[in-house]
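Structural overview
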Amino acid sequence: HVYALLLPVPRPRYVLYRYLGGLAMLLPIILALWAGALVATGGLDLPAGIRIFPHALALKFALALMVLFAFAFALASASARTIGIAIRVAGLLLAVHVAVILIAPNTNLLWSAMKALATWPGPFAVLAGRWMLIDA
C-alpha cells in the first residue's frame, strides 16, 4: 500500500475507494444468488396458499454479506495497536465473565452479549432468522 498512500488522495477517500471496490466485488455473488433463486422458484408449481420470496432472500443475503464484509474490512484495516487494545478488552470481558460466574452461577454475560449482537437491533441480526424461499 506504499504507492497508494503516496498518491495525492486523502486517506478517508482512499479507504472509501477500497471499501467500495470490495463491495463491487461482492455484487456478482449477490446477483448470482438472486438469479438462482428466481430460476429455482420459477419452475415450481405450488398451491395458491404458498408464497415464494426469492427477492427477499436475495436482499437478506446481500445485507448479511455486506455486514460481514464491513466487519472483516474493519478488522483488516485496524492497526496493530487497535488490535492489541481489542484483545485486552476481550480478555478483560472474559475475566469479568468468569468472576461473575463464580459469584452468581446463573448469570452468563457472554451469552447476553452475543444475544444483544445477534438479535434485533444488533448489527448481526441479519444473520439470524428465517432464510427459506417458501413460506406456508
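Along each chain, numbering runs from 1 in the same order as the chain's sequence is written. Local features in a predicted model are, by the rule used here, given only for residues with pLDDT of at least 70; side-chain atom pairs are given and counted only at 80 or more, and totals for whole chains, interfaces and linings are based on all residues. For the side-chain quantities, the full set of heavy atoms in the structure was used; hydrogens and water were omitted.

**Re the side chain of T41**
In this fold, T41 is placed in helix 2 (residues 11-42). Polar contacts involving the side chain of T41 include one to the main-chain carbonyl oxygen of A37, which spans 2.8 Å. Helix and strand assignments come from DSSP, with helices taken as H or I runs of at least 4 residues and strands as E runs of at least 2, each series counted from the N terminus. In protein, a polar contact means a hydrogen-donor-capable atom and an acceptor-capable atom, both N or O and within 3.5 Å, with residues adjacent in sequence counting only if both atoms are side-chain atoms; elsewhere, any N or O pair within 3.5 Å suffices.

**Regarding helix 2**
Here helix 2 spans 46 Å end to end across 32 residues, near enough to the 46 Å set by a 1.5 Å rise per residue. The buried label applies to any residue whose accessible area, calculated with a 1.4 Å probe on protein chains only, is under 20% of its type's maximum; exposed applies above 50%, and partly exposed to all values in between. By the burial criterion, the buried members of helix 2 are Y14, G22, L26, I30, A37 and T41. One fewer than the residue count of a helix, multiplied by 1.5 Å, yields its expected span.

**Quick notes on the layout of surface pockets**
Quantified by volume, the largest pocket comes out at close to 270 Å³. Sort the elements by how many residues they give to the lining of the largest pocket and helix 4 (residues 80-103) lands first, with 5 residues. When residues are grouped by polarity, Ala, Val, Leu, Ile, Met, Phe, Trp, Tyr, Cys and Pro land in nonpolar, Asp, Glu, Lys and Arg in charged, and all others, Gly among them, in polar. For the lining of the largest pocket, the class distribution of residues is 11 nonpolar, no polar and no charged. In this analysis the probe radius is 1.4 Å and the grid spacing 1 Å, with only protein atoms considered; a cavity is a set of points the probe fits into but cannot get out of, a pocket is an open set with protein on both sides within 12 Å along at least five of seven lines, and lining residues have an atom within 4 Å of a point. Grid points are joined across faces, edges and corners, and a volume is the space filled by probe spheres set on the points.

**Concerning the packing of aromatic side chains**
When the centres of two rings from Phe, Tyr and Trp lie within 6.5 Å, Trp using its six-membered ring, the rings pair. Their planes under 30 degrees apart give stacked, over 60 give edge-to-face, and anything left gives tilted. Evaluation of the coordinates by the stated rule reveals 4 aromatic pairs. Ring centres 5.4 Å apart and planes at 35° place the aromatic pair Y19 and F69 in the tilted group. Here Y19 is found in helix 2, whereas its partner F69 is found in helix 3 (residues 54-77), with 50 residues between them in sequence. Judged by its relative accessible area of 23%, Y19 falls in the partly exposed class. Considering the side-chain rings of F69 and F73, the 5.9 Å spacing of their centres and the 40° angle between planes classify their relative orientation as tilted. In this pair, F69 and F73 both sit in helix 3, 4 residues apart, roughly one turn of the helix. Among the residues examined, F69 registers a relative accessible area of 19% and is labelled buried. For F73, a relative accessible area of 15% puts it in the buried group. Among the aromatic residues, those joined into a ring-pair cluster are Y19, F69 and F73.

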